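Spelled out, the chains give:
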Amino acid sequence: RYSAAKLVARSRRSAVRTMGGGNGQKSAKAAEKNRLKAEATKSPEERKAAQQKAAQDAAGITCKVCRQGFMINSTIVQLQAHLTSKHAKLEPTACFANWAQMVAREQAAAAAPAAAPVKKKKKKPKQEESLDDLLNAGLSGKKKKK
């Protein structure tokens, strides 16, 4: 016969031998599942285009003279303010390489007709029914069909 301590030690050793090797298999299976899911949603060309767009957006607009960064959606007015305050003697193209493209894009956006404003529907005022009207409707004497 075995003592209680020996039984516990023996059960621990056997449990270690029979149990799995951790979460490695789960992780590999999840990674494979995610990889297949990603492949199914976008083609390599779409993925590459998305990466390029993300890199372009992350770079934003940078002044070539002082290296100040601006958000990608900065307006010409904001960039012009930078030019006048920091680099008054320089041409805009000295600071921003694609200045002409930005000006043309903003002018095209301003020239495009804005979407018509959505008209709000007028709410009809609720007709308040007096208690007498409700009672008269209920006392009309007509029986409801079942």
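Before any of the text, the structure's been laid out above.
Here's a quick rundown of the structure. (Residues numbered from 1 in each chain as written. Predicted model: local features only at pLDDT ≥ 70, side-chain atom pairs only at ≥ 80, totals over all residues. Heavy atoms only, no water.)

**A short note on the layout of surface pockets**
Space inside the largest pocket adds up to approximately 310 Å³. Looking at the largest pocket, it is lined by 17 residues, and the ones nearest its centre are Ile61, Ile72, Asn98, Met102 and Arg105. Elements that contribute at least two residues to the lining of the largest pocket include exactly β1 (61-62), α4 (76-86) and α6 (99-111). Considering only residue class, the lining of the largest pocket consists of seven nonpolar, eight polar and two charged. (1 Å grid on protein atoms, 1.4 Å probe; cavity = no way out; pocket = protein on both sides within 12 Å on 5 of 7 lines; lining within 4 Å. Points joined across faces, edges and corners; volume = space filled by probe spheres on them. Helix = DSSP H or I, 4+ residues; strand = E, 2+ residues; numbered from the N terminus. Nonpolar A, V, L, I, M, F, W, Y, C, P; charged D, E, K, R; others polar.)

**Re the nonpolar core**
In terms of nonpolar packing, the biggest core is built from 10 residues, these being Ile61, Cys63, Phe70, Ile76, Leu79, Leu83, Cys95, Phe96, Trp99 and Met102. Of all the secondary structure elements, the ones that give two or more residues to this core are α4 and α6. A total of three residues in this core trace back to one element, the largest contributor, which is α4. Apart from residues no more than four positions distant in its own chain, Ile61 is found in contact with Gln68, Gly69, Phe70, Met71, Ile72, Ser74, Leu79, Phe96 and Met102. (Core = buried A, V, L, I, M, F, W, Y, C linked by side-chain atoms within 4.5 Å. Buried < 20%, exposed > 50% of the residue type's maximum accessible area, 1.4 Å probe, protein only. Contact = heavy atoms within 4.5 Å.)

**Looking at the packing of aromatic side chains**
For the coordinates displayed, the defined rule picks out two aromatic pairs. Plain terms: the ring middles of Phe70 and Phe96 are 5.8 Å apart, the flat faces sit at 70° to each other, and that makes the pair edge-to-face. In this pair, Phe70 is assigned in strand β2 (residues 69-70) and Phe96 in the loop between α5 (92-95) and α6, connecting sequence segments 26 residues apart. Across this residue pair, the class does not change: Phe70 and Phe96 are buried. (Phe/Tyr/Trp six-rings, centres within 6.5 Å; stacked < 30°, edge-to-face > 60°.)

**With respect to the packing of α4 against α6**
The interhelical angle for the contact between α4 and α6, taken along N-to-C directions, is 140°, at an axis separation of 10 Å. In terms of orientation, α4 and α6 fall into the oblique class. Between α4, through Ile76, Leu79, Gln80 and Leu83, and α6, the contact on the second element is made entirely by Trp99, Met102, Val103 and Glu106. Broken down by class, the residue content of the contact of α4 with α6 amounts to six nonpolar, one polar and one charged. (Axes fitted to C-alpha atoms, helices over the stretch in contact; angles between N-to-C directions. Parallel < 35°, antiparallel > 145°, perpendicular 65-115°, else oblique.)

The quantities given are spatial measurements derived from coordinates; they are silent on function.
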